[in-house]
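Below, each chain spelled out in residue letters.
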Number of protein chains: 2
Amino acid sequence: MGEFELIRHYFAAAACAQAAEGVVLGIGDDCALLDVPVGEQLAVSTDTLVAGVHFPADANGRLLGQRALAVSVSDLAAMGATPLAFTLALTLPDVCTDWLADFTAGLDSMARHCGVRLIGGDTTRGPLSMTLTVFGRVPSGQALTRSGARAGDLLCVGGPLGNAAGALPFVLGERAAQEGAAELLAHYWTPSPQLALGQVLRGLATAALDISDGLLADCGHIASASGVALIVEEGRLPLSAALRACVGEQNARQLALGGGDDYVLAFTLPTEKLDALRASGQPVYVIGRVEAGQGVHLQDAEGRTIKPPLSGYQHFGSQCD
Amino acid sequence: MGEFELIRHYFAAAACAQAAEGVVLGIGDDCALLDVPVGEQLAVSTDTLVAGVHFPADANGRLLGQRALAVSVSDLAAMGATPLAFTLALTLPDVCTDWLADFTAGLDSMARHCGVRLIGGDTTRGPLSMTLTVFGRVPSGQALTRSGARAGDLLCVGGPLGNAAGALPFVLGERAAQEGAAELLAHYWTPSPQLALGQVLRGLATAALDISDGLLADCGHIASASGVALIVEEGRLPLSAALRACVGEQNARQLALGGGDDYVLAFTLPTEKLDALRASGQPVYVIGRVEAGQGVHLQDAEGRTIKPPLSGYQHFGSQCD
């Protein structure tokens, strides 16, 4: 089976699954064509997942397909955008039809969940990796960026933290299954992009992002882009019962602060907007505040500064010679 | 140096080099934001290059940066689109600052040449590969697709063919440099996307694509999408003097028919539009015609059918067990 047949056969479901709003021309030509409605802008984000770095090389194809798309769409949620479409560049060591069937089934399932349509891509031979580029639309001027946080704002997150990091020993087979493990594994493999929350935050939040590299590291991006200090109150971190059961209270906090892959939104909110947000029914946990200054500062219940436990996930650890 | 510093430092030039027409928000947030003018559509294409598959693993960083972007932008040329922006997902085995400096210099050089701005991406650790997604704009309804060729049209290309395939033995170090080799190598490493030709073809050509997998294979895509037969007249294939000098007339024709990586446009044109196209000053070589039927057929000067020498480049050659 040649490259073109391969693409057509296995990706047909994802390419045709969704209504074509905004998609003028989909997969199969030199380019796809998108229509962006008047008064809206196009949001674009690219993410790569590499076998052995971002997921185990023997990962289940279906789970991997779900996760890869969810991770990318989460960036649209962080901008308050409505998902529209995605491209997939898939590099495979060989053409294994069983794996491809599983992978595309997972991709298709998440595509339906998020309302995105596959509009193009590339299939190449090489070490297993995938790059997804996602497209969404957002009313002009209303996208949530990282740069608008102001002193006096509340610092909030959209859900419990640390679950994906807590799942990692189970993902890697380093720990045997136990109570709570299944819930953590679901957070790792099928994160649910907080699209509804992101859209509600338009006009309410002053800055937002999705937590992929760990709470402290990602808060650092808001602090830096906005020119403010973020204060995280350790005692207010939302922790799931499953995470507490699997790793204990103390470790759970460490994972909530430094563990990656949560794909929960973190955002800053003027105090007077909190009631409106709560009235929307969307999840909101106040975990700290914005002050004048710079950097991210962790405090205990008495307001004393605590040294952060981890520096957040970094893809690169060394330079070559 | 962490991932974020790495991206900021080395990609700053490409991110800032170009005027920001249409780019509302560039690199550094969860998503980039693009404005698409009223009456225009957004063209999107994704391409992956893998070390050892699409380029030698020890390739010069600067040449690789130029080539990677040119290859992707060529898809915009094939749609008649005007380049706007691109994202880069770069996977590196380690962070080598010398290589990164070379690579980004090459990328920046081609970005300026094509008028595109780097608006986002991802940098990950793993086997060397890169996925570029390019964005262009095209007047609504005027994009050049593969599906409009009609019986009676002429089959044309925008320049000599086979040069990049002829360069391959020199790229791989299998042949020592000789007269003409430098010209072929330039075609391989720095293909020039035929953007001006693509834009002139809007309203003239009935179908178009850029030749990446070989003339015959790519003509097959037009034939299939348009439901017609394409007749290629072997004697009319444009061949460069450099290619003839390096491989001889007979081999040059084989490479022109089956060799990949040309990134020259192939298109179908109603006969009555040929004068208008020639008057534009853009390069045009008539190499055959469109007939009722299906598939691609090669003919000699007397109109006799010839068996094609090669089946075109395929990324995958085998299935796994």
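Bear in mind that the values here come from a model prediction, so they are computed numbers and not experimental data. (Residues numbered from 1 in each chain as written. Chains lettered and ligands numbered in written order. Predicted model: local features only at pLDDT ≥ 70, side-chain atom pairs only at ≥ 80, totals over all residues. Heavy atoms only, no water.)

Trainee: So what's going on with the overall build of chain A? Residues and values would help.
Mentor: A count of helices and strands for chain A gives ten helices and 13 strands. Computed over its C-alpha atoms, the radius of gyration of chain A comes to 20 Å, within 12% of the 20 Å expected for a compact globule of 321 residues. Referenced to the eigenvectors of the C-alpha coordinate spread, the extents of chain A come out at roughly 65 × 50 × 45 Å. Sorting the 321 residues of chain A into buried and exposed places 59% on the buried side. Relative to all contacts within chain A whose residues are 6 or more apart in sequence, the contacts with residues 24 or more apart total 84%. As displayed, chain A offers around 11700 Å² of accessible surface, 49% of which is attributable to carbon and sulfur atoms. With 19 positive and 33 negative side-chain charges, chain A shows a separation of 6 Å between the mean positions of the two kinds. (Helix = DSSP H or I, 4+ residues; strand = E, 2+ residues; numbered from the N terminus. Rg over C-alpha atoms; globule rule 2.2 N^0.38 Å. Buried < 20%, exposed > 50% of the residue type's maximum accessible area, 1.4 Å probe, protein only. Contact = heavy atoms within 4.5 Å. Areas by Shrake-Rupley, 256 points an atom, 1.4 Å probe, with all protein chains shown as cover. Lys, Arg positive; Asp, Glu negative; His and termini not counted. Charge placed at Lys NZ, Arg CZ, Asp CG, Glu CD.)

Trainee: Explain the pairing of strand β8 (residues 207-210) of chain A to me, and be specific about the residues and the numbers.
Mentor: All names here are of chain A. Of the two faces of β8, both are covered, the one formed by Ala207 and Leu209 as well as the one formed by Ala208 and Asp210. Where β8 lies against strand β10 (residues 265-269), four bridges are found, and the strand directions are antiparallel. Within β10, the residue paired with Ala208 across the bridge is Phe267. (Pairing = 2+ DSSP bridges.)

Trainee: Quick rundown of the relation of the copies chain B and chain A? Include the residues and the values.
Mentor: When chain B is fitted to chain A, the best match, at an RMSD of 0.0 Å, comes from turning it 180 degrees and sliding it 0.0 Å along the axis. What the superposition gives is, in effect, a two-fold axis relating one chain to the other. A shared binding surface is used by both copies, with 100% of the interface residues of chain B retained as interface residues in chain A. (Least-squares fit on C-alpha atoms with pLDDT ≥ 70 in both.)

Trainee: Now, about the UniProt feature "binding site: Mg(2+) 2" (unreviewed entry) in chain A: what can you tell me, with residues and values included?
Mentor: Under the present numbering, the feature "binding site: Mg(2+) 2" (unreviewed entry) in UniProt falls on Asp47 and Asp75 of chain A. Over a stretch of 29 residues, the named residues converge on one spot in the fold, their C-alpha atoms separated by at most 9.2 Å. You can call Asp47 of chain A buried: its relative accessible area is 17%. Not counting chain neighbours up to four residues away, the residues in contact with Asp47 of chain A comprise Val71, Ser72, Asp75, Met130, Thr131 and Leu132 of chain A together with Asp122 of chain B. (UniProt positions renumbered as here; feature names shortened; annotations may be inferred.)

Trainee: Describe unusual backbone geometry, naming the residues involved and giving the relevant values.
Mentor: Look at Asp261 of chain A: it is not a glycine, yet its phi comes out positive at around 70 degrees. Tracing the backbone through its elements, the reader meets Asp261 of chain A in the loop between α9 (249-258) and β10.

Trainee: So what about the packing of helix α2 (residues 61-79) of chain B against helix α3 (residues 97-114) of chain B? Which residues, and what values?
Mentor: Residues and elements named next belong to chain B. Contact geometry of α2 with α3 gives a least axis separation of 6 Å together with a crossing angle of 35 degrees. Where α2 crosses over α3, the two elements pack in a sense that is right-handed. Residue-level inspection shows Gly61, Arg62, Leu64, Gly65, Gln66, Leu69, Ala70 and Val73 of α2 in contact with α3, the latter providing Trp99, Asp102, Phe103, Ala105, Gly106, Leu107, Ser109, Met110, Ala111 and Cys114. Grouping the amino acids of the contact of α2 with α3 by side-chain chemistry returns eleven nonpolar, five polar and two charged. (Axes fitted to C-alpha atoms, helices over the stretch in contact; angles between N-to-C directions. Left-handed = near helix turned anticlockwise from the far one by under 90°. Nonpolar A, V, L, I, M, F, W, Y, C, P; charged D, E, K, R; others polar.)

Trainee: Describe the interface of chain B and chain A, and please don't skip the residues or the numbers.
Mentor: Often the size quoted for an interface is simply the accessible area lost on bringing the parts together. In this assembly, 70 residues from chain B lie in contact with 70 residues from chain A. Summing the contributions of chain B and of chain A, the shared interface buries around 5700 Å²; its carbon and sulfur component is 58%. For the pair chain B and chain A, the interface holds four salt bridges. One salt bridge connects Asp29 of chain A with Arg146 of chain B, and the closest N-O pair in it is separated by 3.6 Å. Class assignment for the residues of the side of chain B that touches chain A results in 32 nonpolar, 25 polar and 13 charged. Taken together, the three bridges between strand β3 (residues 40-50) of chain A and strand β2 (residues 32-34) of chain B define a ladder with antiparallel strand orientation. Bridge assignment links Ala43 of chain A to a residue of β2 of chain B, and that residue is Leu33 of chain B. (Buried area = accessible area lost by both parts, 1.4 Å probe. Salt bridge = Lys/Arg side-chain N within 4 Å of Asp/Glu carboxyl O.)

Trainee: How would you summarise the sheet that holds strand β4 (residues 82-92) of chain A if you had to cite specific residues and measurements?
Mentor: With respect to topology, six strands assemble into an open sheet ordered β5(A)-β4(A)-β6(A)-β3(A)-β2(B)-β1(B), the strand pairing being mixed. Strands with a single pairing partner mark the edges of an open sheet, and in this sheet they are β5 (117-125) of chain A together with β1 (23-25) of chain B. Mean inter-strand twist for the sheet, computed between neighbouring axes without regard to direction, equals 25 degrees. Pairing analysis gives eleven bridges linking β3 of chain A to strand β6 (residues 129-139) of chain A, with the strands arranged antiparallel. Bridge pairing in β6 of chain A links Ser45 of chain A to Val134 of chain A. Its contacts with the sheet place helix α2 (residues 61-79) of chain A against β3, β4 and β6 of chain A together with β1 and β2 of chain B, and it is angled at close to 30 degrees to β6 of chain A. Against the sheet, helix α3 (residues 97-114) of chain A makes contact with β4 and β6 of chain A, and its axis sits at roughly 165 degrees relative to β4 of chain A, the strand it touches most.

Trainee: So what's going on with the domain arrangement of chain A? Residues and values would help.
Mentor: Residues and elements named next belong to chain A. The domains assigned to chain A are domain 1 (3-139) and domain 2 (154-306). Computed over C-alpha atoms, the centres of domain 1 and domain 2 are 26 Å apart. Counting the surface lost from both domain 1 and domain 2, the interface buries some 1700 Å², and carbon and sulfur atoms represent 64% of this. Considering only the surface of domain 1 that becomes buried against domain 2, Arg67, Ala77 and Ala78 emerge as the three largest contributors, covering 31% of it. Applying the counting criterion to the domain 1 and domain 2 interface returns one salt bridge. One salt bridge connects Asp261 with Arg67, and the closest N-O pair in it is separated by 3.2 Å. (Domains from an automatic or database assignment.)

Trainee: With reference to specific residues and values, describe the pairing of strand β5 (residues 117-125) of chain B.
Mentor: All names here are of chain B. Most of β5 sits out of view: seven of its nine residues are buried. In this sheet, β5 lies alongside strand β4 (residues 82-92) in parallel orientation, the contact comprising eight bridges. The residue of β5 that forms the bridge with Thr87 is Gly120. Regarding the hand of the β-α-β motif, the stretch spanning β4, α3 and β5 is right-handed. (Right-handed = clockwise from strand over helix to strand, strands pointing away.)

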